[in-house]
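Read off the chains here:
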Amino acid sequence: MDFIRYAEASASLVNTALADRDDLATHLAGRAWLQPQCTDRDVASLRRFQRELRPVFEASGVHDAGVVITALNALMEKYPITPMISDHDDNLHMHVATRSASVSELLIGEALLGLATLVCDLGPTRLGVCAEAKCENVYVDTSPNQSRRYCSDRCSSRANVAAYRARQRGTDSQAQSAV
Ligand SMILES: [Zn+2]
Ligand SMILES: [Zn+2]
C-alpha cells in the first residue's frame, strides 16, 4: 500500500465539502464498492474529522513540527487503527481497518496512517494551506525540493496573474508619478 497516496487523499478529504451522502460518494469516485456503504453517520464523523485534521496542515505549513506530531498522535489515539494483511488482487498488502469497518473508520485510518508515514519519511513540514489569497484548501508537498505553495495548478496560475497585475499597477503608478 502506498501510504503517501493516502496522505494525499487526506488533503482532498479536508478540501471536500461534505454536505450529504452524495458528496461523500463523489469523494469516493474510483472506489465504487464503498459508495453504497456510506451512511449519514459517516458524513457526520468525517465532517468532525475534517475540523480535527485541518490544524495539522496549518501547523505543518508554519513549520510547527511539535504541534504536527502531538496532534497526529492524539488523533491516532482517538481513532485507533487496525492493521490487517490483505491479499486481494493477488498481492499482499496492508489495510488500516477490518472488513467490518465503516466508511468513515476506513477513511480516517487511511488518512492518519498516511500522514504519520509521510511525517516519518519526509518530515513534519510537508503539509500546508494554499497560498492563493482566496483559497483555504490544504495540500501535501511531495516535491523533491519542498517548494509547493498552492493546492492546485489553478491556484498557482491565479496567484501568478494577481502578482503580475499588482506589478503592472505598481509600474503604472510609478509612470504616472514620473509625469
Ligand atoms: Zn487493498
Ligand atoms: Zn488553492
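Please refer to the structure higher up on the page.
Residues numbered from 1 in each chain as written. Chains lettered and ligands numbered in written order. Predicted model: local features only at pLDDT ≥ 70, side-chain atom pairs only at ≥ 80, totals over all residues. Heavy atoms only, no water.

### Re the packing of aromatic side chains
Thought 1: Here the structure, examined in full by the defined rule, presents one aromatic pair.
Thought 2: When the ring centre of Tyr 6 is taken as reference, the NZ or CZ atom of Arg 5 above it lies at 5.3 Å. (Phe/Tyr/Trp six-rings, centres within 6.5 Å; stacked < 30°, edge-to-face > 60°. Lys NZ or Arg CZ within 6 Å of the ring centre and 35° of its normal.)

### Topic: the coordination of the zinc ion (ligand 1)
Thought 1: Here the zinc ion (ligand 1) is held by the protein donor atoms His 88 (NE2), His 93 (NE2) and His 95 (NE2), which lie 2.0 to 2.1 Å from it.
Thought 2: Taken in sequence order, the residues that donate to the zinc ion (ligand 1) follow the motif H-x4-H-x1-H.
Thought 3: His 88 gets classed as partly exposed once you look at its relative accessible area, which sits at 35%. (Donors = N, O, S within 2.8 Å, 3.2 Å for Na, K, Ca; no water. Buried < 20%, exposed > 50% of the residue type's maximum accessible area, 1.4 Å probe, protein only.)

### Points about the pattern of salt bridges
Thought 1: All chains considered together, the criterion is met by five salt bridges.
Thought 2: Taking the shortest distance from any N to any O, the salt bridge between Lys 78 and Glu 52 comes out at 2.4 Å. One end of the pair, Lys 78, is in helix 4 (residues 65-78); the other, Glu 52, is in helix 3 (residues 40-61), and 26 residues separate them in sequence.
Thought 3: On the basis of relative accessible area, Lys 78 is assigned to the partly exposed category, the value being 46%.
Thought 4: The exposure class assigned to Glu 52 is partly exposed, which follows from its relative accessible area of 21%. (Salt bridge = Lys/Arg side-chain N within 4 Å of Asp/Glu carboxyl O. Helix = DSSP H or I, 4+ residues; strand = E, 2+ residues; numbered from the N terminus.)

### Quick word on helix 3
Thought 1: With 22 residues, helix 3 ought to run about 32 Å at 1.5 Å a step, and its terminal C-alpha atoms sit 32 Å apart, in line with that.
Thought 2: Every buried residue of helix 3 is accounted for by Asp 42, Val 43, Ser 45, Leu 46, Phe 49, Gln 50, Leu 53, Val 56, Phe 57, Ala 59 and Ser 60. (Expected span 1.5 Å × (residues − 1).)

### Digging into the side chain of Glu 132
Thought 1: Within the element layout of this structure, Glu 132 appears in the loop between strand 3 (127-129) and strand 4 (138-140).
Thought 2: A distance of 3.0 Å separates a polar side-chain atom of Glu 132 from the backbone nitrogen of Lys 134.
Thought 3: When neighbours within four sequence positions are excluded, Glu 132 is seen to be in contact with Tyr 150, Cys 155, Arg 158 and Ala 159. (Polar contact = N/O pair within 3.5 Å; in protein donor to acceptor, adjacent residues only side chain to side chain. Contact = heavy atoms within 4.5 Å.)

### What to know about the coordination of the zinc ion (ligand 2)
Thought 1: The coordination sphere of the zinc ion (ligand 2) contains the protein donors Cys 130 (SG), Cys 135 (SG), Cys 151 (SG) and Cys 155 (SG), at a distance range of 2.3 Å.
Thought 2: Considering all four donor atoms around the zinc ion (ligand 2), the spread of angles at the metal, 107 to 117 degrees, places the coordination shape in the tetrahedral class.
Thought 3: All donors of the zinc ion (ligand 2) come from a single chain, and their spacing in sequence reads C-x4-C-x15-C-x3-C. Residue Cys 130 is located in the loop between strand 3 and strand 4, and its partner Cys 151 is located in the loop between strand 4 and helix 6 (153-178); the two are separated by 21 residues in the primary sequence.
Thought 4: With relative accessibility at 6%, the residue Cys 130 sits in the buried group.
Thought 5: The class for Cys 151 is buried, based on a relative accessible area of 16%. (Tetrahedral: all angles 85-135°; square planar, octahedral: opposite > 155°, others 65-115°.)

### Re the packing of helix 4 against helix 5 (residues 103-122)
Thought 1: Contact geometry for helix 4 and helix 5: axes closest at 10 Å, N-to-C directions at 150 degrees. Comparing their axes, helix 5 and helix 4 come out roughly antiparallel. Judged by the twist between their axes, the crossing of helix 4 over helix 5 is left-handed. Of helix 5, the residues touching helix 4 (which contributes Val 68, Ile 69, Leu 72, Leu 75 and Met 76) are Leu 112, Leu 115, Ala 116 and Val 119.
Thought 2: Broken down by class, the residue content of the contact of helix 4 with helix 5 amounts to nine nonpolar, no polar and no charged. (Axes fitted to C-alpha atoms, helices over the stretch in contact; angles between N-to-C directions. Parallel < 35°, antiparallel > 145°, perpendicular 65-115°, else oblique. Left-handed = near helix turned anticlockwise from the far one by under 90°. Nonpolar A, V, L, I, M, F, W, Y, C, P; charged D, E, K, R; others polar.)

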